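Descriptive analysis of the structure
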Amino acid sequence: MTRFAKEESGLALTEYLILLGLLTGAVIIAVTLFGTNLAASWTAWANWVAGADLNP
């Protein structure tokens, strides 16, 4: 039982899985926020073009 408690080979795998989960969550949040801001920018630009007088 004490040998099992001192075993550290699975510890690195657990740490990497936690890190992978945190990084995945951060990427999902970043893509979601960037996508929302990008959509708002395109909408504002489209409204500006639609309201602009482009006739020479």
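Attention in this report is confined to the structure presented alongside it.

The subject of this paragraph is the overall build of the chain. Counting secondary structure elements, the chain contains 2 helices and 0 strands. Considering the chain as a whole, with its 56 residues, one finds that 0% of them fall into the buried category.

This brings us to the packing of aromatic side chains. In the structure shown here, the tally under the stated rule is 1 aromatic pair. Ring geometry for Trp 42 against Trp 45: centres 5.7 Å apart, planes inclined by 85°, an arrangement best described as edge-to-face. With Trp 42 and Trp 45 both in helix α2 (residues 9-51), this residue pair falls 3 residues apart, about one helical turn.

Now for a nonpolar patch on the surface. Taken together, the side chains of Phe 34, Leu 38, Trp 42, Trp 45 and Trp 48 define a hydrophobic patch exposed on the protein surface, amounting to about 670 Å² of accessible area. When you line up the elements, Leu 38 lands in helix α2. For Leu 38, a relative accessible area of 37% puts it in the partly exposed group.

How each quantity is defined
- Residues numbered from 1 in each chain as written.
- Predicted model: local features only at pLDDT ≥ 70, side-chain atom pairs only at ≥ 80, totals over all residues.
- Heavy atoms only, no water.
- Helix = DSSP H or I, 4+ residues; strand = E, 2+ residues; numbered from the N terminus.
- Buried < 20%, exposed > 50% of the residue type's maximum accessible area, 1.4 Å probe, protein only.
- Phe/Tyr/Trp six-rings, centres within 6.5 Å; stacked < 30°, edge-to-face > 60°.
- Patch = residues over 30% accessible without salt bridge, like charges linked within 9 Å, V, L, I, M, F, W, Y side chains within 5 Å.
- Areas by Shrake-Rupley, 256 points an atom, 1.4 Å probe, with all protein chains shown as cover.
- Salt bridge = Lys/Arg side-chain N within 4 Å of Asp/Glu carboxyl O.

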